[in-house]
Amino acid sequence: MRLGDRLYYQMRRFRKHLAILGAVIGPGVIVMVADNDAGGFTTYMLSGAYYRYSFIWIVLLLGPVAYVCQEMTVRLGVMTKRGHAQAIFEAFGPFWGWFSLSDLTLTDCLTITTEFIGMTMAMEVFGIPPLFTEVVVISFIMLMLVNGRYWTWEKIVLAICAVNMIVVPVVFFIHPDVNDIFKTGVVPGFPEGLGGPVLFLIMATIGTTIAPWMIFFQQSSVVDKGLKKRDVPYARMDTAFGSAFTVVTAIALIIVATVFFGGDANLQSAGEAAKLLMPLHPYVGIILAIGLFDAGLIGALSVSLASSWAVGEVFGWSHSLNDRLGQAKWFNLFRLSIMVIAGTIVLIPGAPLGTITLFVQVIAVTLLPAALVFLIVLLNQEELVGAYKNTRAQNIMAGTVVGIILTLSTAYGVGTIFPKLFGG
C-alpha cells in the first residue's frame, strides 16, 4: 500500500474513533467537573488562603485516585446494566442496600445544601436575593427534563461544565510566583504539622474530590446513556479528561486564593472571597462569582440526579432521563423534594454557611469507604463482570484509597481529642 493511501486510511480511522469518543463523552466529564462544585470551590479557596500552595501536591495525587474509583463504575455499569444502588441490593441483600441508600441520601441532601450555599452567595455579589436564586435554579433544573431526552440533558450540562474552568485564565493575569508554587506546592509536605485544622482541611479536600454520590451518578449515567462493552475504552478516556479538568481548575483556585488571600486565616468561603475582591479587583471578583454559581449549579444538577436515580432503581420507579416529567413523576418529585429541603436549610437566618460547607466535605469522605468497598467487591465477581473483573493492581490501588481514608478519619478523630499529638 502506498504511503498516501496508508495515511488516508489512518486518517479515516482516527476520525471514526474521534466521532465515537465525541458520542461517548459525557458521564465521566460531568461527574468529574461536578466534583469541583460549590463545596470544592470553597475548600480549595480556603486551603490557599490558610496554607498557600501547600495542598497542590495533594490535589495532583487525588486526580488519578478519582479516576481509579470512577473507572470502576464504568465497567460495572456496562456489564450489569444496573445502577449502583440496584447492584448493591441484588448482590448484598436489603440490609446493606438500605444502608447504602440511606448513606447516599443523607450525604446528597447535605451536599446539595452546599451547592445552594455557593449559588446564593455568588448571586448576592450582584445583589440578587437568595430565595430568587433558589427558585430560578430549581425551576431550570426541572425544566431540563421536559423534553425527555438524555442526549439533550447531557449536551446542556456539558455546556455548563465548560464554564467551570472560567477561573483558569485568571492565573495567567495575576502573575503568581512559579518557583514558590513548585517549591511549596508540588513538593509533598504538611504546613504547621498535622494538627486538627490541617487534617480537617485535608479530609475536606479528599471529600470534595472523591465523594459517594459520584460512584452512584456515573454508574447510573452509563446505564441510562446505554453504553456498551465496545464503548469502555472511550468511557475511560471520558473519565480521564474529566479528571484532568478537575485538577487544573482546583489548582487554579488554590493559586488565586494564595495570591489574593495567602496567610488570611479569617476567610470563610469562596462567596466571601468574591465579595472582598469586587472593590479591588472587580474582574477577578466577577469571574470567581460566576465560577462559584456555575459550580453550584453543576453540583445541584448532578448530586440530585444521583440520589433520584438510586431511589428510582430501588423502588422500581421509572427513572430514565429519556422519560418525560409525567412518565417519571415519582422520580422527578423526589428530585424536586430533595432540592427544596436543601434550599430551605440555606435560608435559615444566621446559619454558619461556610462552616457547613467544609463539614459536609468531611462527612462525605468519612462515609466514602463503605461505597468503595461495595464497588471493589462487586468488581471482583467474575460471574458478574466477566473479563472486566478488577485486576490485582486495581484492587491494590482501590484498597489503598480505602486504607488512606480510614487512616485519615481515625487520625482526625484522635487529633480532635488530643490536639497536641500531631503538633496542632
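A. View of the overall build of the chain. A count of helical and extended segments in the chain gives 19 helices and zero strands. Per-residue burial for the chain yields a buried fraction of 54% across its 424 residues. Taking contacts inside the chain between residues at least 6 apart in sequence as the whole, the part at least 24 apart equals 86%. When the accessible area of the chain is evaluated, it comes to approximately 17700 Å², of which 70% is carbon and sulfur surface.

B. View of the pattern of salt bridges. One pass over the structure, following the stated rule, counts six salt bridges. Arg75 serves as the salt-bridge partner of Glu71, at 2.8 Å between the closest nitrogen and oxygen. Note that Glu71 and Arg75 are positioned in helix α4 (residues 56–80) at a spacing of four residues, about one turn of the helix. Comparing Glu71 with Arg75 shows no difference in burial state: the two are buried. Across the pair Glu154 and Lys225 runs a salt bridge whose closest N-O atoms are separated by 2.9 Å. Placement of Glu154 in helix α8 (residues 150–163) and of Lys225 in helix α12 (residues 212–225) is noted, with a sequence separation of 71 residues between them. Side by side, Glu154 and Lys225 carry an identical accessibility label, which is buried. Taken together, the salt bridges that share partners define one network made up of Glu71, Arg75 and Arg236.

C. Highlighting the packing of helix α5 (residues 84–92) against α12. Viewed as axis vectors pointing N to C, α5 and α12 meet at an angle of 100°, and their least axial separation amounts to 8 Å. For the element pair α5 / α12, the angle class is roughly perpendicular. Between α5, through His84, Ala85, Ala87 and Ile88, and α12, the contact on the second element is made entirely by Ile215, Phe216, Gln219 and Ser220. When grouped by side-chain class, the residues that make up the contact of α5 with α12 number five nonpolar, three polar and no charged.

D. Seen up close, helix α7 (residues 130–143). Taking 1.5 Å per residue as the helical rise, α7 with its 14 residues ought to reach 20 Å, and the 20 Å between its terminal C-alpha atoms agrees with that figure. Taken residue by residue, α7 has Thr133, Glu134, Val137, Ile138, Ile141 and Met142 as its buried positions. Each buried residue of α7 sits inside an arc of 150° when the element is viewed along its axis, so together they form one side. Facing away from the buried side of α7 by more than 90 degrees, the exposed set consists of Phe132 and Leu143. Of the surrounding secondary structure, the elements contacted by the buried residues of α7 are α6 (94–124), α15 (282–315) and α16 (329–346).

E. Quick look at the nonpolar core. Formed by 118 residues in total, the largest nonpolar core has its most connected members in Phe116, Trp153, Trp213 and Phe217. Ranked by the residues each element gives to this core, the list is headed by α15, at 16 residues. Val24, Val222, Val232 and Ala235 belong to the second-largest nonpolar core, a separate cluster that totals nine residues.

Conventions and cut-offs
Residues numbered from 1 in each chain as written. Predicted model: local features only at pLDDT ≥ 70, side-chain atom pairs only at ≥ 80, totals over all residues. Heavy atoms only, no water. Helix = DSSP H or I, 4+ residues; strand = E, 2+ residues; numbered from the N terminus. Buried < 20%, exposed > 50% of the residue type's maximum accessible area, 1.4 Å probe, protein only. Contact = heavy atoms within 4.5 Å. Areas by Shrake-Rupley, 256 points an atom, 1.4 Å probe, with all protein chains shown as cover. Salt bridge = Lys/Arg side-chain N within 4 Å of Asp/Glu carboxyl O. Axes fitted to C-alpha atoms, helices over the stretch in contact; angles between N-to-C directions. Parallel < 35°, antiparallel > 145°, perpendicular 65-115°, else oblique. Nonpolar A, V, L, I, M, F, W, Y, C, P; charged D, E, K, R; others polar. Expected span 1.5 Å × (residues − 1). Arc of directions from axis to C-beta. Core = buried A, V, L, I, M, F, W, Y, C linked by side-chain atoms within 4.5 Å.

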